[in-house]
Amino acid sequence: MARSKEFEEIEVLDKAVDLFWDQGFNATSIQEVVEHLGISRSSLYDTFGDKRTLFIKALERYRVKVAQGIIDRLNAAQEVLPVVQSILFAAEAPEELAHVGCFVVNASTELAPHDAEVYQLVTQTRLDIEAALARAVERGQASGEVSRQHPAKATAGLLYTTLMGLRVADRGRYGAPAQAEVVNLLVAMLRA
């Protein structure tokens, strides 16, 4: 029976990710949470605690699904630049959430300045992705695929900042053609 509840909790967390990703923390009422998740208030409080705790768990779930997916792809990359380009182009959001950017970026701007736990989660996400990017760049530099003109760590910082900037642009509906120009230019600059 515990296995079934665990599966249900993950399903509910995935729904919470979508809701908070779309609306943010402050704009989402408890009533909206209950309705979107399809659970009672008592189940919400018994299983997840309060709205903030649910938000933290949703952000952690996002890290597992999206951030870890990016890291795994970078770690497994035989050729670095096609994977980096794919990650920069990728809209990690489901189609109905494509306009809302990145959940980590959204949490960074809405809550991280005032919430130490959210700050820690978004910072750790950045550090983890930047470390994976740096390892990938180092491999690309060693193979001759990526220019050695700049240190791998600084290049990783540029790539992460570009990735986050593109996700902010998604939120502002910047447009795929303009984003493609940015990504293609950056990848061309990285080539050896």
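These figures come from a predicted structure and were not determined experimentally. (Residues numbered from 1 in each chain as written. Predicted model: local features only at pLDDT ≥ 70, side-chain atom pairs only at ≥ 80, totals over all residues. Heavy atoms only, no water.)

Counted by the stated rule, this structure contains six salt bridges. The closest approach of N and O atoms between Arg-61 and Asp-14, which form a salt bridge, is 2.8 Å. Separated by 47 residues along the polypeptide, Arg-61 in helix α4 (residues 51-76) and Asp-14 in helix α1 (residues 2-23) bring together distant segments of the chain. For Arg-52, the salt bridge is made with Glu-117, and the minimal N-O distance between the two is 2.9 Å. Here Arg-52, found in helix α4, pairs with Glu-117, found in helix α7 (residues 116-143); they are 65 residues apart in sequence, far enough to count as distant. (Salt bridge = Lys/Arg side-chain N within 4 Å of Asp/Glu carboxyl O. Helix = DSSP H or I, 4+ residues; strand = E, 2+ residues; numbered from the N terminus.)

Turning our eyes to something else, we now look at the confidence of the model for the protein chain. Residue-level pLDDT values for the protein chain average 88, and 90% of them are 70 or greater. Across the protein chain, the secondary-structure element scoring lowest on mean pLDDT is α1, at 78, and the one scoring highest is α7, at 96. Scored below 50 in pLDDT, residues 1-7 makes one contact in the model with residues more than four places away or belonging to other chains. (pLDDT = per-residue confidence, 0-100. Contact = heavy atoms within 4.5 Å.)

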